[in-house]
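An overview of the molecular structure
So the chains spell out like this:
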Amino acid sequence: MAQNGSEAGSPVAGVAARYASALFELARDERDVDGVAASLDRFDAMLKESADLRRFVRSPIFTGAEQEAAIVSLLEKSGIGGIGGNFIRLAAANRRLFALPDMIRAFRTLVRESKGIVRAEVTVAERPSDAVVEEIKASLRDVARAEIDLDLKVDPSLIGGLVVKIGSRMVDASLRTKLNGIRLAMREAR
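What counts, and where the lines are drawn
Residues numbered from 1 in each chain as written. Predicted model: local features only at pLDDT ≥ 70, side-chain atom pairs only at ≥ 80, totals over all residues. Heavy atoms only, no water. Patch = residues over 30% accessible without salt bridge, like charges linked within 9 Å, V, L, I, M, F, W, Y side chains within 5 Å. Areas by Shrake-Rupley, 256 points an atom, 1.4 Å probe, with all protein chains shown as cover. Salt bridge = Lys/Arg side-chain N within 4 Å of Asp/Glu carboxyl O. Helix = DSSP H or I, 4+ residues; strand = E, 2+ residues; numbered from the N terminus. Buried < 20%, exposed > 50% of the residue type's maximum accessible area, 1.4 Å probe, protein only. Pairing = 2+ DSSP bridges. Axes fitted to C-alpha atoms, helices over the stretch in contact; angles between N-to-C directions. Contact = heavy atoms within 4.5 Å. Expected span 1.5 Å × (residues − 1). Phe/Tyr/Trp six-rings, centres within 6.5 Å; stacked < 30°, edge-to-face > 60°. Parallel < 35°, antiparallel > 145°, perpendicular 65-115°, else oblique. Left-handed = near helix turned anticlockwise from the far one by under 90°. Nonpolar A, V, L, I, M, F, W, Y, C, P; charged D, E, K, R; others polar.

Below, the discussion takes up a nonpolar patch on the surface. On the surface, a cluster of nonpolar side chains totalling about 460 Å² of accessible area is made up of Ile-159, Leu-175, Leu-179, Ile-182 and Met-186. Counting through the fold element by element, Leu-175 comes out in helix H8 (residues 175-189). Assessed through its relative accessible area of 36%, Leu-175 is described here as partly exposed.

Once that is clear, we can look at the sheet that holds strand S3 (residues 161-166). In sheet architecture, strand pairing relies on hydrogen bonds along the backbone and comes in two forms, parallel and antiparallel. As summarised here, the arrangement of the four strands in space is S2-S1-S3-S4, forming an open sheet in which the pairing is mixed. A strand with exactly one partner marks an edge of an open sheet, and here the two such strands are strand S2 (147-154) and strand S4 (169-174). Adjacent strand axes in the sheet meet at a mean angle of 15° when their direction is disregarded. Relative to S2, strand S1 (residues 117-124) is paired through eight bridges, and the arrangement is parallel. Each residue of the ladder has a partner; that of Ile-117, found in S2, is Glu-147. Set on the sheet, helix H7 (residues 130-144) makes contact with S1, S2, S3 and S4; between it and S2 the angle comes to about 130°. Packed onto the sheet, H8 meets S3 and S4 and runs at close to 75° relative to S4.

A few words on helix H5 (residues 82-93). With twelve residues, H5 should reach 16 Å at 1.5 Å per residue; the first-to-last C-alpha distance of 16 Å fits that figure. Among the residues of H5, Ile-83, Gly-84, Gly-85, Phe-87, Ile-88, Ala-91 and Ala-92 are the ones counted as buried. In this structure, the buried residues of H5 make contact with helix H1 (11-29), helix H2 (33-49), helix H4 (64-78) and helix H6 (100-115). Positive phi appears at Arg-95, one or two residues downstream of H5, with a value of about 55°.

Below, the discussion takes up the packing of aromatic side chains. Throughout the structure, instances matching the rule amount to three aromatic pairs. Centre to centre, the rings of Tyr-19 and Phe-87 are 6.1 Å apart; their planes meet at 70°, and the pair counts as edge-to-face. Linking Tyr-19 in helix H1 with Phe-87 in helix H5, this pair joins segments that are 68 residues apart in sequence. Taken individually, Tyr-19 and Phe-87 each receive the classification buried, so the pair is uniform in this respect. For the pair Phe-56 and Phe-62, a centre-to-centre distance of 5.0 Å together with 50° between the ring planes defines the contact as tilted. Taking the relative accessible area as the measure of exposure, Phe-56 reaches 14% and is therefore buried. Judged by its relative accessible area of 27%, Phe-62 is partly exposed.

With that settled, the discussion passes to the packing of H1 against H6. Their axes nearest at 8 Å, the elements H1 and H6 cross at an angle of 50°. Classified by the angle their axes make, H1 and H6 are oblique. For H1 against H6, the interelement crossing comes out right-handed. Contact residues: H1 offers Val-12, Val-15, Ala-16, Ala-17, Tyr-19, Ala-20, Ser-21, Leu-23, Phe-24 and Ala-27, while H6 offers Asp-102, Met-103, Ala-106, Phe-107, Leu-110, Val-111 and Ser-114. Classifying every residue of the contact of H1 with H6 gives 14 nonpolar, two polar and one charged.

Any link to function would need more than the numbers given here.
Here's what the structure looks like:
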């Protein structure tokens, strides 16, 4: 599985990578990488908030013209324009809206790589304070020797502690894992 949740060799991953790469090159040439990233982030937030929009994006029953008309209206109402808005419109016109979430993830990866930012996924049992989040970021920055893009997730089943993933490395310092280790050791001691 690819990091974005799609199969690494799937046609969707290939389409997403090609579109994201082309968009990144254009944004870089126009010196608007951050502006495009902000537009895509706004659209991605809209996708996450609206089940209807997610269904529309995934639905194969609409023509490219219908998808484009609906997306243009949505982009105008939300104030998303420029290169990012044009890109989303192009994806709709080409009937590639179904791949747009993967395109956005691939674009974010290209932006992070170009800026030397490392993505870290940290899972905790409960939402930490902002000060603790900053301490975690600082510690990870020291370990990775790079700026950190922190993806914080909450999973109460961890009970306590945290699980950190950076690239292919993972450190599981959760209380759940420690208790499971103790449970296993007790079984072996019988």
